[in-house]
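The residues making up each chain are set out below.
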Amino acid sequence: MTTTRFAPSPTGYLHIGGLRTALFSWLWAKKNEGQFLLRIEDTDLARNSQDAVTAILKAFDWVGMSYDGEALFQSKRFELYAQYVEQLLNEGKAYKCYMSKEELTALREEQMAKGERTRYDGRYRDFTGTPPEGIEPVIRIKAPTEGTISFVDGVKGEINIASSEVDDFVIARAGGVPTYNFVVAIDDALMGLTDVIRGDDHLYNTPKQIVVYEALGFKLPNFYHVAMINNEQGKKLSKRDGATDVMEYKTLGYLPEALLNFLVRLGWSHGDQEIFSVKEMIALFDPKNINKSSSNYNLDKLLWLNAHYIKNKSNSELAELLVDFGVDIKEHSKRDLILNATKERGKTLVELAEQVNLILNAPTEYNAKNFKKAFKEDTPKILALFMTLLKEAELNEVADYHKVIEAVVEQKEIGFGKIGMPLRVSLLGSMTGSGLDEIMAILGRDETLSRIEKAINELNT
RNA sequence: GACCCUUUCAUCUAGUGGCCAAGGAUAUUGCGUUUUCAUCGCAAAAACAAAGGUUCAAAUCCUUUAGGGGUCGCCA
């Protein structure tokens, strides 16, 4: 059975790049009717927090992803790891190293000066003498000294790393706490992972983990290393580049389906298709179509997708979502009229809420510039006629309001702009926005009249 | 510095030796629709990092150079 995982270290919120690799893993598991597991990598006891775990789960929940079974915490498995350390020690595949941190630093500086790749020199690999006093040893694993470590990456193809590049790395710190590459290999194997999809910043960890797999006799999974997401300038994505926390996108008024659609197309494609529902993603996703190169993060497309998903969302769902943005029209009798008039004008829920508020709340002040542009000498007379006709009109639907405007245009023999602009400024205080007849149908006769009167009074003062 | 990965329009990408004087999408610009804005429709502009090979034929294969990214922890 296809088994994938997401394995974050709980040191902060869920990052946008993390969500993409999680999405890829999740899609691949779902497509194959397999399992998607969650493992919390909290072996660095000083840096992780429960809040971070909660934050990650909250983000998963928001986008509608879920994991199978219980989340696994590495911090609860130290005994298990210790057993494997013991096993390797007994089998002579690992050894105690008594090198001090000072000595290590000195060695690295020396190697750096010589232009070599820094690596542990294996000085305690075959040590049988009396250990130095006062040094608590670390445990190092015996990595191969000759040849190359090779594996086939599902994204990048064959990867060959010379064994000379992989040193006898530490698998247990002084004090016994195991290290990352050691526990990852053990857990990935024990959890039965068939496919490991992760960022390509882990590419260099893979040969190390292979050393562990082989020492312990575990079967290797398929590896897929996905290139990073960079900012628009092609540099590493940082907080300065806008939202990096997944939950920020919720606050900014993005729909989770838009965010997922955006992320799935960053580094993956299916021909020319741009719009993918989650269902389609699951049906079509295949890691073999993941791109080798890193992609740059660009908000324009996300915005476009978000507008698309807002336009296509039902009014009842939109009304529900808008509550978080301070607009509650769930029980409003003209809910559909309001949303139909506004949902093509909001690229985010924040903007949509603004559009709705613009109609719902009478303008409190008028922009002098707008007034000057919209109101000409004959405008008061035109508006007066409009009000007269509106009072008498039979008003049942949107089209009825339109008829009133048409009647004014006809009687006064003027263009639509002559009545349209002043009317718009009177009703919204703005030169742009939804259709006038729609706005008036939402407001109704009384509110429409009152807003026009208010505007005229404002003009006269 | 060493090692690894990578390079198609501004951006996301299609492309697996002939279907490519390179296709789609976003963004940009113009036109149309619209009383306005938005939506929508149509159109324009816009790329194979460079140089050498291999081949009848190269965006695609090889070599070199250059750019970008990553890694070099008793972090993960």
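Residues numbered from 1 in each chain as written. Chains lettered and ligands numbered in written order. Predicted model: local features only at pLDDT ≥ 70, side-chain atom pairs only at ≥ 80, totals over all residues. Heavy atoms only, no water.

Side note on the sheet that holds strand E5 (residues 138–141)
Defined as follows: When DSSP finds two or more bridges between a pair of strands, those strands are recorded as paired. For helices the rule is a DSSP run of H or I covering at least 4 residues; for strands it is a run of E covering at least 2, with both sets numbered from the N terminus onward. Note on method: axes are straight lines fitted to C-alpha atoms, helices fitted across the in-contact stretch only, with angles between N-to-C directions ranging 0 to 180 degrees.
With respect to topology, three strands assemble into an open sheet ordered E4-E5-E8, the strand pairing being antiparallel. Each end of this open sheet is capped by a strand with a single partner; those strands are strand E4 (94–97) and strand E8 (170–172). This sheet shows a mean twist of 45 degrees between the axes of neighbouring strands, independent of strand direction.

Regarding the packing of aromatic side chains
Threshold: Here the aromatic set is Phe, Tyr and Trp, taking the six-membered ring for Trp, and pairing holds for ring centres within 6.5 Å; pairs whose planes are under 30 degrees apart are stacked, those over 60 apart are edge-to-face, and all others are tilted. Exposure is judged per residue with a 1.4 Å probe applied to protein chains only, and the accessible area is read against the type maximum: over 50% gives exposed, under 20% gives buried, and values in between give partly exposed. Whether a charge lies above a ring is judged from NZ of Lys or CZ of Arg, which has to be within 6 Å of the ring centre and within 35 degrees of the ring normal.
Counting across every chain of the model gives 17 aromatic pairs. Ring geometry for Phe 78 and Tyr 81: centres 6.4 Å apart, planes at 50 degrees, overall tilted. Of this pair, Phe 78 and Tyr 81 both sit in helix H3 (residues 78–90), three residues apart, which is roughly one turn of the helix. Residue class for Phe 78 comes out partly exposed when judged on its relative accessible area of 22%. Ring geometry for Tyr 124 and Phe 127: centres 4.9 Å apart, planes at 75 degrees, overall edge-to-face. On the basis of relative accessibility, which here comes to 11%, the residue Tyr 124 falls in the buried class. Among the aromatic residues, ring-to-ring pairing joins Phe 24, Trp 28, Trp 268, Phe 276 and Phe 285 into one connected group. One Lys or Arg, Lys 76, reaches over the ring of Phe 73 and ends 4.7 Å from the middle of that ring. The lysine or arginine in question, Arg 140, covers the ring of Tyr 120, its NZ or CZ lying 3.6 Å from the ring centre.

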